[in-house]
Amino acid sequence: MTDLEAMQLALEEARRAGEAGEVPIGAVIVREGEIVAYGQNRVLRDVDPTAHAELVAMRAAARELANYRLTDCVLYVTLEPCAMCAGAMTHARIARLVYAAADPKAGACGSVLEVLNHPRLNHQMQVEPGILAEESAELLRNFFRERR
């Protein structure tokens, strides 16, 4: 599975979240070229402030793999992770993060904060931004435009 294919699946998850009234953010976790888990924002539906797409996907992947360590996994997400999600990714030992759009308000992978790959942390991961960034940003813009 290519990065582009995985991000397209994450965008589908984001669309489904938007259709359910959630902020349209989606995530997919891939291990050895196979999808392990999907996630989408579920904050409103689950009445859970931690139910971000990344955490939903990581919880599902941990259950699927019967291990909270996701060391061989790649997380694809449509928006740059926040500090909470970046911290969880570090604890889960995600091998690689690929995200679409930067988040200039809450991004913790360089836009606002640099939580991932801090030199004092014991886990480092590859980070690749920008795949399908415009599509993800447009989905978010349209969602918030409709809400106003």
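Relevant structure appears above.
Everything numeric in this text was worked out from a predicted model, so none of it was measured.

(A) Layout of the overall build of the protein chain. Along its length, the protein chain carries five helices and five strands. Order of helices (α) and strands (β) in the protein chain, N terminus to C terminus: α-β-β-α-α-β-α-β-β-α. Computed over the C-alpha atoms, the radius of gyration of the protein chain is 14 Å, within 12% of the 15 Å expected from 2.2 N^0.38 for a compact globule of 148 residues. Its C-alpha atoms put the protein chain at 45 × 30 × 30 Å along the principal axes. When each of the 148 residues of the protein chain is scored for burial, the buried share is 47%. Contacts in the protein chain between residues at least 24 apart in sequence constitute 56% of all its contacts with a sequence separation of at least 6. For the protein chain, the computed accessible surface area is about 7,500 Å², with 52% contributed by carbon and sulfur atoms. Positive and negative side-chain charges of the protein chain, numbering 16 and 21 respectively, have mean locations separated by a distance of 6 Å.

(B) View of the packing of helix H1 (residues 3–19) against helix H5 (residues 133–147). At a closest axis distance of 11 Å, the pairing of H1 and H5 adopts a crossing angle of 5°. Here H1 lies roughly parallel to H5, going by the angle between them. Side by side, H1 and H5 meet where Leu-11, Ala-14, Arg-15 and Gly-18 of the first sit next to Glu-135, Ser-136, Leu-139, Phe-143 and Arg-147 of the second. Residues that form the contact of H1 with H5 fall into these classes: four nonpolar, two polar and three charged.

(C) Spotlight on the environment of Val-127. For Val-127, the position within the fold is in strand S5 (residues 126–129). Along the sequence, Val-127 and Arg-145 sit 18 residues apart, while their C-alpha atoms lie 30 Å from each other.

(D) Quick look at the nonpolar core. Core analysis: the largest hydrophobic core is formed by 30 residues, its most contacted members being Ile-29, Met-58, Leu-70, Leu-75, Met-89, Ile-94 and Leu-97. Where this core is concerned, the elements lending two or more residues are strand S1 (26–31), strand S2 (34–40), helix H3 (53–65), strand S3 (73–79), helix H4 (83–92), strand S4 (96–101) and H5. For this core, the element with the highest residue contribution is H3, accounting for five residues. With residues up to four places along the chain from it excluded, the contact list for Ile-94 reads Met-58, Leu-70, Cys-73, Leu-75, Met-89, His-123 and Met-125. Listed in part, the 14 residues of the second largest apolar core include Ala-10, Val-30, Ala-100 and Leu-132.

Here is what the cut-offs are and how they apply
In every chain, residue numbers begin from 1 and rise along the written sequence. pLDDT decides what is reported in this predicted model: residues at 70 or higher carry local features, side-chain atom pairs at 80 or more are listed and counted, and totals for whole chains, interfaces and linings draw on all residues regardless. As a rule here, side-chain values cover all heavy atoms of the structure and leave hydrogens and water aside. Numbering of helices and strands runs from the N terminus; a helix is a DSSP stretch of H or I covering at least four residues, while a strand is a stretch of E covering at least two. As defined in this context, the radius of gyration uses C-alpha atoms, and a globule is described by 2.2 Å times the residue total to the power 0.38. Note on classification: 1.4 Å probe, protein chains only; a residue is buried when its accessible area is under 20% of the maximum for its type, exposed when over 50%, partly exposed between these limits. When checking whether two residues touch, look at their non-hydrogen atoms; a contact exists if any pair is within 4.5 Å. Calculation of accessible area relied on Shrake-Rupley with a 1.4 Å probe; when residues are assessed, cover is drawn exclusively from the protein chains displayed. Charge assignment in this entry is limited to Lys and Arg as positive and Asp and Glu as negative, and neither His nor the chain termini are counted. Taken as the charge location is NZ of Lys, CZ of Arg, CG of Asp or CD of Glu. Axes here refer to lines fitted to C-alpha atoms; in helices the fit is confined to the stretch in contact. Angles between the N-to-C directions go from 0 to 180 degrees. By definition in this entry, angles of less than 35 degrees are roughly parallel, angles greater than 145 are roughly antiparallel, angles of 65 to 115 are roughly perpendicular, and the rest are oblique. As a working rule, the residues Ala, Val, Leu, Ile, Met, Phe, Trp, Tyr, Cys and Pro are called nonpolar, Asp, Glu, Lys and Arg charged, and the rest polar, with Gly in that last group. To qualify as a nonpolar core, a set must consist of buried Ala, Val, Leu, Ile, Met, Phe, Trp, Tyr and Cys residues joined through side-chain atoms within 4.5 Å.

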